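Examining the three-dimensional arrangement
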Amino acid sequence: MKDILVTLLGALLTFTLALPCSGAPASPDSGRSLILFYSLSGNTRLAAEALSRLTGAPLAEIKTVEPYPDDFHAVVEQARQERSTGYRPPILPLSVDLDDYDTVYLGFPIWSNSIPQPMASFLSEHHLEGKTILPFCTHDGYGPGRSFRVVGEYCPDARVLPGFDMLGSEARDAEAKLKAWLKEVNVALSDGTSSSSEASALVIRMNGVELHGELNDSSAAREFLRRLPVTVSMTGYGGREYYGDLGELLNATEEGRLRFDDGDITYCPQNNTVAIFYAQTSCPDLSMRVIPMGRVTSPLDPLSRMPRRVTATFSLNSALSGD
Ligand SMILES: Cc1cc2nc3c(=O)[nH]c(=O)nc-3n(C[C@H](O)[C@H](O)[C@H](O)COP(=O)(O)O)c2cc1C
């Protein structure tokens, strides 16, 4: 009976198998995953808990032996001193055996554009050889800094996949963004279905109208997905499209094409614009290549009635995105 239970448990755990962008397994077949995090004020903990709900992987926390002060400025000063002197605060023994896991989601807050000192303490003691590491972090708006690179430097014999970062203030609603990241790193979610081949459900709010759509699996679409929600000032052009500057370049590898289909959501690498095409005209050829990132699936006729200048907000429709 015990043997059967152990076998069943093993089979269940393989559902947390992590896959890299290529689609090949990123972790050994056993696919045992752990979410290991450090969090001082609770933001990263919220993201870690959301990740646990999405992946089914258990949580473990890194804790310092001596707690940091309650006062934020005192923490900043202590952290600054620890960093400048290279001091690594002692941490408590983990509640889990790392040998039991092949994939480690490693979560932390950003401190001074890098990993916090308690995470440095952990990584200097554990190099996570042979494991797949998926770093994730929360911050106050300055981004992940050099943290992901630093994780790689501490763990030269681990495989570090592209990291995830988000504002700590948004960690309470982390699931949709985490899901997009998991999709990007091609992780099979806890229900055992890889979402890699699914289209991502989009909602586009434009001039008071809610359009629905989906993103495909192109590199442009995956990059776009990571930035959602995105608000773009769009201009109508030629009775066929709305286009607008994305502000940030997408690192797209596709070449693109000089034609469009109705409903296409495209990215133009040449002028860094996103466009929604809604009507073929007598002149369907484009002067610049566009990469199809997805399409609008709801009726397109509201687009032909909109004013020339509109604001469009693209966001992930998490209610439809594989839940
Ligand atoms: C000592 C210290 C240094 C910080 N440095 C940065 C920083 O360089 N960039 C940033 O965006 N946020 C910085 N923050 C803000 C935290 O990264 C952010 O609030 C995070 O979400 C906190 O996560 P936690 O609640 O899991 O501890 C810093 C916070 C502290 C306490």
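Refer to the structure printed above.
Report follows, based on the coordinates. Each chain has its residues counted from 1, following the order in which its sequence is written. Residues qualify for local features only when their pLDDT is at least 70, as the model is predicted, and side-chain atom pairs are given and counted only at 80 or more; totals for whole chains, interfaces and linings, by contrast, use all residues. Only heavy atoms go into the side-chain values, all of them from the structure, while hydrogens and water stay out.

**Describing the overall build of the protein**
We apply this condition: Every helix listed is a DSSP run of H or I at least four residues long, and every strand listed is a run of E at least two residues long, numbered separately from the N terminus. The buried label goes to any residue with under 20% of its type's maximum accessible area, the exposed label to any with over 50%, and the partly exposed label to all in between, with areas taken from a 1.4 Å probe on protein chains only. Here a residue-residue contact requires only that any non-hydrogen atoms of the pair lie within 4.5 Å. We get accessible surface area from the Shrake-Rupley algorithm with a probe of 1.4 Å; when it comes to residues, only the shown protein chains can shield them.
Helices and strands together make up the secondary structure of the protein, namely 7 helices and 14 strands. Within the protein, the proportion of its 323 residues that are buried is 48%. The contacts in the protein between residues at least 6 apart in sequence include a share of 73% that link residues at least 24 apart. Working note: accessible area of the protein is about 15,600 Å², and carbon and sulfur atoms make up 51% of it.

**Some points on the site of the ligand**
Stated formally: Here a residue counts as near a molecule or strand whenever at least one of its heavy atoms sits within 4 Å of it. Definition of a polar contact: a pair of N or O atoms within 3.5 Å, with one able to donate and the other able to accept a hydrogen when the atoms are protein atoms, and with sequence-neighbouring residues admitted only if both atoms are side-chain atoms.
As a structural note, the neighbourhood of the ligand is formed by 21 residues, with Ser 39, Ser 41, Thr 44, Ile 110 and Thr 138 the closest of them. Taking Ser 41, its side chain carries an N or O atom lying 2.5 Å from an oxygen atom of the ligand. At a separation of 3.1 Å, an oxygen atom of the ligand approaches a polar backbone atom of Tyr 142. When the ligand sits alone it has 640 Å² of accessible area, and the protein chains cover 89% of it. For the shell around the ligand, the elements supplying multiple residues, two or more each, are helix H2 (43-55), helix H3 (72-85) and strand S4 (132-139).

**Some remarks on the environment of Arg 257**
If you trace the backbone, Arg 257 turns up in the loop between strand S10 (241-245) and strand S11 (264-268). Taking relative accessible area as the criterion, Arg 257 reaches 21% and is therefore assigned partly exposed. Linking Arg 257 and Pro 292, residues 35 residues apart in sequence, is a C-alpha distance of 8.2 Å. Those residues in contact with Arg 257 that sit more than four places away from it in its chain are Asp 264, Leu 286, Met 288, Arg 289, Val 290 and Pro 292. Side chain to side chain, Arg 257 and Asp 264 meet in a polar contact 2.8 Å long.

**Re the packing of aromatic side chains**
The cut-off we apply is this: Between the rings of Phe, Tyr and Trp (Trp by its six-membered ring), a pair exists once the centres lie within 6.5 Å; its type follows the angle of the planes, with under 30 degrees stacked, over 60 edge-to-face, and the other angles tilted.
In this structure the tally under the stated criterion is 9 aromatic pairs. Taking 6.1 Å as the distance between ring centres and 85 degrees as the angle between the ring planes, the aromatic pair formed by Tyr 38 and Trp 111 counts as edge-to-face. Of this pair, Tyr 38 sits in the loop between strand S1 (33-37) and H2 while Trp 111 sits in the loop between strand S3 (103-109) and helix H4 (117-125); the two residues are 73 residues apart in sequence, bridging distant segments of the chain. Residue classification places Trp 111 among the buried residues on the basis of a relative accessible area of 12%. Ring geometry for Phe 260 and Phe 277: centres 4.3 Å apart, planes at 20 degrees, overall stacked. With Phe 260 in the loop between S10 and S11 and Phe 277 in strand S12 (residues 273-277), this residue pair connects regions lying 17 residues apart in the sequence. Joined through ring pairs, the aromatic side chains of Tyr 105, Phe 136, Phe 164 and Trp 181 make up one cluster.

**Let's talk about unusual backbone geometry**
That bond from Leu 228 to Pro 229 is cis: its omega, 0 degrees, falls within 30 degrees of zero. Located in the positive-phi region is Asn 113, a residue other than glycine, with phi close to 60 degrees. Relative to the elements of secondary structure, Asn 113 occurs in the loop between S3 and H4. One non-glycine residue, Asn 272, adopts positive backbone phi at about 60 degrees.

**Remarks on H2**
Spelled out, the test is: A helix is expected to span 1.5 Å for every residue after the first.
Between its first and last C-alpha atoms H2 spans 19 Å; for 13 residues at 1.5 Å apiece the expected length is 18 Å, and the two agree. Of all the residues in H2, the buried ones are Thr 44, Ala 47, Ala 48, Ala 50, Leu 51, Ser 52, Leu 54 and Thr 55. If you follow the buried residues of H2, they end up packed against S1, strand S2 (59-61), S3, S4 and helix H6 (175-184). Looking at the residues trailing H2, positive phi occurs at Gly 56, about 80 degrees.

**Observations regarding H4**
With respect to burial, H4 is a largely interior element, 7 of its 9 residues being buried. Of all the positions in H4, only Gln 117, Pro 118, Met 119, Ala 120, Ser 121, Phe 122 and Leu 123 are classed as buried. At its buried positions, H4 is contacted by S1, H3, S3 and helix H5 (147-154).

**Some details on the sheet that holds S12**
The test is simple: Should DSSP find at least two bridges between two strands, the strands are taken to pair. For helices, the fitted line uses only the C-alpha atoms of the stretch in contact; every axis is such a line through C-alpha atoms, and the angle between N-to-C directions lies from 0 to 180 degrees.
If you walk around this closed barrel you meet the 8 strands as S7-S8-S13-S11-S12-S10-S9-S14, and the pairing is antiparallel. Across the sheet, the mean angle separating the axes of adjacent strands is 30 degrees when strand polarity is ignored. The strands touched by helix H7 (residues 219-227) are strand S7 (200-206), strand S8 (209-215), strand S9 (230-237), S11, S12, strand S13 (291-296) and strand S14 (309-316); relative to S13, the strand with the most contacts, the crossing angle is about 60 degrees.

**Regarding the packing of H6 against H7**
What counts here: Any angle between 65 and 115 degrees counts as roughly perpendicular, while under 35 counts as roughly parallel, over 145 as roughly antiparallel, and the rest as oblique. In a left-handed crossing the near helix is turned counterclockwise from the far helix by less than a right angle, and in a right-handed crossing that turn is clockwise.
With their axes 9 Å apart at the nearest point, H6 and H7 run at an angle of 155 degrees to one another. Classified by the angle their axes make, H6 and H7 are roughly antiparallel. For the pair H6 and H7, the sense of crossing is left-handed. Every residue of H7 that contacts H6 at Ala 180, Trp 181, Lys 183 and Glu 184 is listed here: Arg 222, Leu 225 and Arg 226.

**A short note on the side chain of His 139**
Summarising the element assignment, His 139 is placed in strand S4. Taking the relative accessible area as the measure of exposure, His 139 reaches 9% and is therefore buried. Here Gly 141 takes part through its backbone nitrogen, which lies 2.9 Å from a polar atom of the side chain of His 139. Residue contacts for His 139: discarding those within four places in its chain leaves Ile 110, Pro 144, Asp 165, Met 166, Leu 167 and Gly 168.

Any functional reading would require information that these geometric values do not contain.
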